[in-house]
Amino acid sequence: MGIYILVGVICAVVFFAIGFPVGVQYRKRVSEKEISSAEEEAKRILNDAIKSAESKKREALVEAKEEILKARTEHETEVKERRAELQKQENRLNQKEENLDRKLENLEHKEEALASKQETLDAQREELTQLKEQEVRELERISGLTAEEAKNVLLTQLEQEVTHEAALKVKEIETRAKEEADTTAKEIISLAIQRCAADHVAEATVSVVPLPNDDLKGRIIGREGRNIRTLETLTGVDLIIDDTPEAITVSCFDPVRREIARLALEKLIQDGRIHPARIEEMVEKAKREVDATIKAEGERAVFETNVHGLHPELIKLLGRMKYRTSYGQNVLNHSIEVCHVAGLLAAEIGADVTMAKRAGLLHDLGKSIDHEVEGSHVQIGVELARKYRESEGVIHAIEAHHNDVEPKTIVACLVQAADAISAARPGARRENVENYIKRLEKLEEVTSSFPGVEKSFAIQAGREVRIMVAPDKVSEDQMVLLARDIAKKIEEELEYPGQIKVNVLRETRAIEYAK
């Protein structure tokens, strides 16, 4: 067995030694053939590539030549078009130059003609000047007056004629108005707007509470001032405790707060128990009493004036006006009076009586809270009326009753007139004596500032001013115009309730001597 294996191994070695060189030579010959065929294939591919490149090169050259030819053609076309356009513009410019030359030539001819006309006009003007001077000299010789004197005479005559014509025109208008009074009664009454007093507060701002004895002053002040501080804090007033015997002064600009403090203090004095808890209780009770009084007064005003359908808050605001005064006149009573007067005026001229009374009652509504809200009582009243949905006619009447806006309705004019009537009637309002005297002096000063016025006198508590004029300086015709100028200046410079009558007097004397 081992011999067979050895023999096999030897045979295999001999076969490999003989076969390996033979295989190597065979593979070498095969590789040479493949290399040779690959070189031939490479030469063929290279030749094909060269031929293809030359072909594409020729095609590219042809395309490039065609593009160049096309671009050259387009460029030549564009150049021709531009040349043609330039030629047209050149032709137009040549035409314009020719036109300008013709116009310049025409202008030169016109300038020559104008120069000739100017020379002619200058000569004619010189001739006219000489003729005018000759005419003036001749007129001066005939009249015996110089040109300046004649001018002054003409101006004086013209001024006199114009003054006379103006006075005649004023008299004619007044006469026509009087003649047509019956047919224009509604317009005259509605447009007779009275000037109203300015809104100044001249009311009392203090209330005096009497005391049974001066010992109560110490109890009202309390230990370390706790009682008086509590009362002042709760009511918002100032308590003035001084050497005045058996009296305490309550000071506050808000009349409602002052009334609450006065009632609370009177209750505390009557009760005798004065301490912070009791003070708070009495202040609350006084507030309820004042609120009840305010509501009752508002309802009384509504019932008395027969104005229905008011918002409950408006009724309360009307009641608050019981504690408000203006120039010493109670504002609630004044509003009720204006309501009645406006209703009567509306009935006389056939206007809306219901709206006139409603607007008259509410016209000073803003005064009920003008201590608490910023703004004039007119603005506050308008805002309150809008808030509680009053009609536009009523709102406009409230807004116009002091001429803050121009009155545009008959009702607004009637409320304005009724307000002036209620405020201006004798005894309705009071004012400081010093202010009253100053107003009269200012009235006389304003009226005396006009030329021709010799003396002026304010009479009837300043509701009429009588003016004496110099008869040699103011003619009958000028009196009418002077009265109107004085009235206008008074309206512009003075503030006053109601109206002022301007009465201009001119003394006429006739003197004769018996011989």
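Sequence order as written defines the numbering, with residues in each chain counted from 1. Reporting of local features is limited, given that this is a predicted model, to residues whose pLDDT is at least 70; pairs of side-chain atoms are given and counted only at 80 or more, and all residues count toward the totals for whole chains, interfaces and linings. Hydrogens and waters are ignored; side-chain quantities use all the structure's heavy atoms.

**Student:** Got a sec to walk through the overall build of the chain? Specific residues and values, please.
**Tutor:** A count of helical and extended segments in the chain gives 15 helices and eight strands. Within the chain, the fraction of its 515 residues that count as buried is 31%. Two residues qualify as a contact provided that any one of their heavy atoms is within 4.5 Å of a heavy atom in the partner residue. Long-range pairs, those at least 24 residues apart, make up 64% of the contacts in the chain with a sequence separation of at least 6. For the chain, the exposed surface amounts to about 34,900 Å²; the carbon and sulfur share of it is 54%. The way it works is that DSSP assigns letters per residue, a run of H or I at least four long becomes a helix, a run of E at least two long becomes a strand, and they are numbered from the N terminus. Note on classification: 1.4 Å probe, protein chains only; a residue is buried when its accessible area is under 20% of the maximum for its type, exposed when over 50%, partly exposed between these limits. In short, Shrake-Rupley with a 1.4 Å probe defines the accessible areas, and a residue's cover is counted only from the protein chains shown.

**Student:** I'd like to hear about the packing of aromatic side chains, residue by residue, with values.
**Tutor:** Here the aromatic set is Phe, Tyr and Trp, taking the six-membered ring for Trp, and pairing holds for ring centres within 6.5 Å; pairs whose planes are under 30 degrees apart are stacked, those over 60 apart are edge-to-face, and all others are tilted. Applying the stated rule across the entire model yields zero aromatic pairs. Cation placement over rings: the criterion is NZ of Lys or CZ of Arg within 6 Å of the ring centroid and within 35° of the ring normal. Of note, Lys489 hangs over the ring of Phe450, and the distance from its end group to the ring centre comes to 5.3 Å.

**Student:** Could you give an account of the nonpolar core, naming the residues involved and the relevant values?
**Tutor:** One finds Leu310, Leu317, Leu318, Leu361, Leu362, Leu365 and Leu384 to be the most contacted residues of the largest nonpolar core, which totals 40 residues. For this core, the element with the most residues is helix H9 (residues 331-349), which contributes nine residues. Discounting residues that sit within four places of it in the chain, Leu317 has contacts with Leu365, Ser368, Ile369, Leu384 and Tyr388. As used here, the term nonpolar core means buried Ala, Val, Leu, Ile, Met, Phe, Trp, Tyr and Cys residues forming a set that is joined through side-chain atoms within 4.5 Å. Judged by nonpolar contacts, the second largest core, of 27 residues, contains Ile220, Leu263, Leu268 and Met282.

**Student:** Lay out helix H11 (residues 377-387) in plain terms, naming residues and giving numbers.
**Tutor:** Every buried residue of H11 is listed here: His377, Val378, Ile380, Gly381, Val382, Leu384 and Ala385. Just past H11, the residue Arg389 takes up positive phi, approximately 60 degrees.

**Student:** Before we move on, could you go through a negative patch on the surface and cite the residues and values that matter?
**Tutor:** Patch members must show over 30% relative accessible area and no salt bridge, and they are joined within 9 Å when carrying like charges or within 5 Å when they are nonpolar side chains of Val, Leu, Ile, Met, Phe, Trp or Tyr. Criterion for a salt bridge: a side-chain nitrogen of Lys or Arg within 4 Å of a carboxyl oxygen of Asp or Glu. His is not counted, nor are the chain ends, whereas Lys and Arg count as positive and Asp and Glu as negative. Taken as the charge location is NZ of Lys, CZ of Arg, CG of Asp or CD of Glu. A surface patch of negative charge is lined by Glu97, Glu98, Asp101, Glu105, Glu108, Glu111 and Glu112. Mapped onto the fold, Glu108 is located in helix H1 (residues 2-143).

**Student:** Run through the packing of helix H6 (residues 255-271) against helix H7 (residues 276-305), naming residues and quoting values.
**Tutor:** Structural elements are reduced to axes, namely lines fitted to C-alpha atoms, with helices fitted over the stretch in contact, and the angle between N-to-C directions of any two is expressed from 0 to 180 degrees. Axis separation between H6 and H7 bottoms out at 8 Å; the angle between their running directions is 130 degrees. Classified by the angle between their axes, H6 and H7 sit oblique to one another. Here the hand of the crossing between H6 and H7 comes out right-handed. The segment H6 lies against H7, with Val256, Glu259, Ile260, Leu263, Ala264, Lys267, Leu268 and Asp271 engaging Arg278, Ile279, Met282, Val283, Lys285, Ala286, Lys287, Glu289, Val290 and Ile294. Just so you know how the angles are binned, under 35 degrees is roughly parallel, over 145 roughly antiparallel, 65 to 115 roughly perpendicular, and the rest oblique. Note on convention: the crossing is left-handed when the near helix lies turned anticlockwise from the far helix by less than a right angle, right-handed when the turn is clockwise.

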